[in-house]
Structures are given as C-alpha cells and as structure tokens.
Amino acid sequence: MASPMRSLFTNPDRYLQSFRLFLANSTEHQCMQEFMESQLPAVIASIGNGKSTINILSVGGGAGEIDLVILSKVQARYPGVTINNDVIEPSADQIFKYKERVAKTSNLENVKFTWHEETAYEYESRMNAEKKSKKWDFIHMIQMLYYVKDVPATIHYFHSLLEAQAKLLIILVSGTSGWEMLWKKYKSSFPLDDLCSYVSSADIKRMLDSAGLKYQIHELPSYMDITSCFIEGNKDGELLLDFLTETSEFSKTAPPELKRQVMEDLRKPECSEQRDGKVLFNNNLSVIVIEP
C-alpha cells in the first residue's frame, strides 16, 4: 500500500509556514549575522583589492536578509566602490520580498542589483548556452545546496567562476548537528522528492578534499526550540515536526512506529539538549570558505 506521507515541498504554503516558524524558533539568522559581523570582514579583506567594481553573485539569495548584511560589510571594506550584486533565486515571491527589502534600505546607491528568477542549474545552462562565463569576486551559497541535484558539479561550476582573489562561501548544516543524525537514520523513511537532498558540511568536506580544493571551515553554534513538538495536538509543534522530517502533516500521516522512533530520537543527546524544561534541537551550521 502506498504511504500517505507526502514531501513538505509538495505543499508550498505549509512549507513556508513551517520555515517561518523554524526561523522564529531558532537562532539560525542570529548566528549567521554574528558570523557576518565578526568574521566576514577578514574573509572579504582582499576580494576587491585594486578594483573599481566588485562583482558579487548570490546563489539562492532568498528574500535577501543575509545578502544585505554581506553587502554592508563589503561596502565598509571598500567604501564608494561600485558593487554589482547578481542574485539567482527561483522563487518569484522571494525575489519580490528581496526587492521590497532593498527599497527600504538606505546606503545602497553604489550597489546595482540584478535578479535572475531561475535555479542554479538553469543559470549554469543559460550561461553555457550563451557561451558566457562571467567571473566573480565573491560568490555565496547560503542554505541552498540541499536543493540542487548534483552538489559536487554545482560547487565545481561556481568555483570555476572565481577571480584570482575571490572567495566562494557556503553555509549549510554542520556534520555535528542534529540534522546529520536525523537524515542519516531516516532518509529512507521520509518521503523525499527530487526537490531536496540531505547534505551536511561533512559531505562537502569530503567533496572538497577529493577535488583537492583549499578551504577553511567555521562552526556556528545554533539551536531550535522544539519543545512544542512534544505537546500533542499543538499546531506549532506539528509544523516544526513537518520541517524536521520534511514531511507534510507528519504527525497525522506517519506510521505510528516511525513517529514513536522519531519523537524518541529527537530527545536524544545526538539531536537535542534539554535545558530549563525545553528541548533544544542542535541546529549547528558550518561556514565553508573556498579559495580560487
């Protein structure tokens, strides 16, 4: 009998609801912001040396929250220099929100934005078809490698577009996070569709090592409060559980034994820590900075 379980990506509205709740219940954006404040300046210290224009490519830029933080750091390092900021983002809704955010942000006079409503793969195919290979001074891929079909090929392609002083920055879940344990154990039980693949910094590290690329890794501690997942019938808890398992209506459609095991594992130290009566899921991230 076919399982009634459906990938969360088949229900875009519910996915967006659960994603927003994840951001509200986790330190995801705060830990990235902290990295941008304290460590990004050193990463971008030489990307624009001697240049009158700096070209930045944001792959999967989303609604632009983190992109604008990055741009402010590049502006601080290279005051007055023109910045071309190209954004690859397949969601029209996210691009709309990004444009709204730009309109409300001051001090962007020297930044020229170009949005490409397409996936990373579509961008690569179009560039190849047009026989173009524009070079970039800084490329970043933040929390987007889960959504590409061929991760090594995607990294290889964008790495090939780096200028001599450039950097490729990747952020994704850490190999030490609760996601790693959850995904490795349950990947055959969750209804994964073609839209998403399980990949952590441990996988990326292996790929980069086998390709002989030079890189540095920074670990960012982060957590998500999943206490509500353990309250039967709690709407927020059900949405967070959907996000964790990438399954729409997980608590209603999962076989009882699978649900029992997942709930049990979510409390274990490999996944979460219990503090002050709360269950805090390990949402650690890794920032990987790759040299040209």
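Before reading on, note that the structure itself is shown above.
Fair warning: this is a prediction, and the values are worked out from it, not measured in the lab. (Residues numbered from 1 in each chain as written. Predicted model: local features only at pLDDT ≥ 70, side-chain atom pairs only at ≥ 80, totals over all residues. Heavy atoms only, no water.)

### Things to note about the nonpolar core
One finds Leu145, Phe158 and Leu244 to be the most contacted residues of the largest nonpolar core, which totals 93 residues. Examining the composition of this core, we find that 8 residues originate from one element, strand β6 (residues 162-173), more than from any other. In this view, Leu244 contacts Trp179, Leu182, Trp183, Met224, Ile226, Cys229, Leu266 and Phe281; residues no more than four positions away in its chain are not counted. (Core = buried A, V, L, I, M, F, W, Y, C linked by side-chain atoms within 4.5 Å. Buried < 20%, exposed > 50% of the residue type's maximum accessible area, 1.4 Å probe, protein only. Helix = DSSP H or I, 4+ residues; strand = E, 2+ residues; numbered from the N terminus. Contact = heavy atoms within 4.5 Å.)

### Looking at the side chain of Ser58
Position of Ser58 relative to the elements: it lies in strand β2 (residues 53-59). In contact with Ser58, not counting residues within four places along its chain, are Asp67, Asp86, Val87, Ile88 and His140.

### Description of the sheet that holds strand β5 (residues 136-142)
The strand order β4-β3-β2-β5-β6-β12-β7 describes an open sheet built from 7 strands, whose pairing is mixed. Edge positions in the sheet fall to β4 (111-116) and β7 (215-220), since each has one partner strand and no second. When strand polarity is set aside, the average angle formed by the axes of neighbouring strands in this sheet is 15°. Lying on the sheet, helix α5 (residues 92-103) is in contact with β3 (82-88) and β4; it crosses β4 at an angle near 170°. (Pairing = 2+ DSSP bridges. Axes fitted to C-alpha atoms, helices over the stretch in contact; angles between N-to-C directions.)

### A word on helix α1 (residues 12-25)
Helix length check: α1, at 14 residues, gives a terminal C-alpha distance of 20 Å against a target of 20 Å (1.5 Å per residue), a fit within 8%. Three or more residues of α1 are buried, namely Arg14, Tyr15, Ser18, Leu21 and Phe22. The buried residues of α1 occupy one face: seen down the axis, they fall within an arc of 130°. Set apart from the buried face of α1 by more than 90 degrees, the exposed residues are Pro12, Asp13 and Ala24. Elements in contact with the buried residues of α1: α2 (28-38), α8 (178-186), β8 (223-225), α10 (235-245) and β9 (247-248). (Expected span 1.5 Å × (residues − 1). Arc of directions from axis to C-beta.)

### Focus: the packing of helix α7 (residues 151-159) against helix α9 (residues 201-211)
Contact pair α7 / α9: the axes reach a minimum separation of 11 Å and the direction vectors enclose 60°. One way to sum up the angle between α7 and α9 is to call them oblique. When the axes of α7 and α9 are compared, the crossing they make is right-handed. In this structure, α7 uses Val151, Pro152 and Ile155 to contact α9, whose residues at the interface are Ile204, Met207 and Leu208. Looking at the contact of α7 with α9 residue by residue, the class counts come to 6 nonpolar, no polar and no charged. (Parallel < 35°, antiparallel > 145°, perpendicular 65-115°, else oblique. Left-handed = near helix turned anticlockwise from the far one by under 90°. Nonpolar A, V, L, I, M, F, W, Y, C, P; charged D, E, K, R; others polar.)

### Topic: the pairing of β2
With 6 of its 7 residues buried, β2 lies for the most part within the structure. Regarding topology, helix α4 (residues 65-77) serves as the crossover connection from β2 to the parallel β3, and that connection is right-handed. With 4 bridges connecting them, β2 and β5 associate as parallel partners. The residue bridging Ser58 from the neighbouring strand is His140, located in β5. (Right-handed = clockwise from strand over helix to strand, strands pointing away.)

### Some details on the sheet that holds strand β11 (residues 278-282)
An order of β8-β11-β10 is seen for the 3 strands of this open sheet, with the pairing classed as antiparallel. At either end of the open sheet lies a strand with only one pairing partner, and these are β8 and β10 (272-275). With direction set aside, neighbouring strand axes in the sheet form an average angle of 30°. Two strands pair when backbone bridges link them, and β8 and β11 are joined in this way by 3 bridges, in the antiparallel orientation. The residue of β11 that forms the bridge with Met224 is Phe281.

Interpretation in functional terms is not warranted from these geometric data alone.
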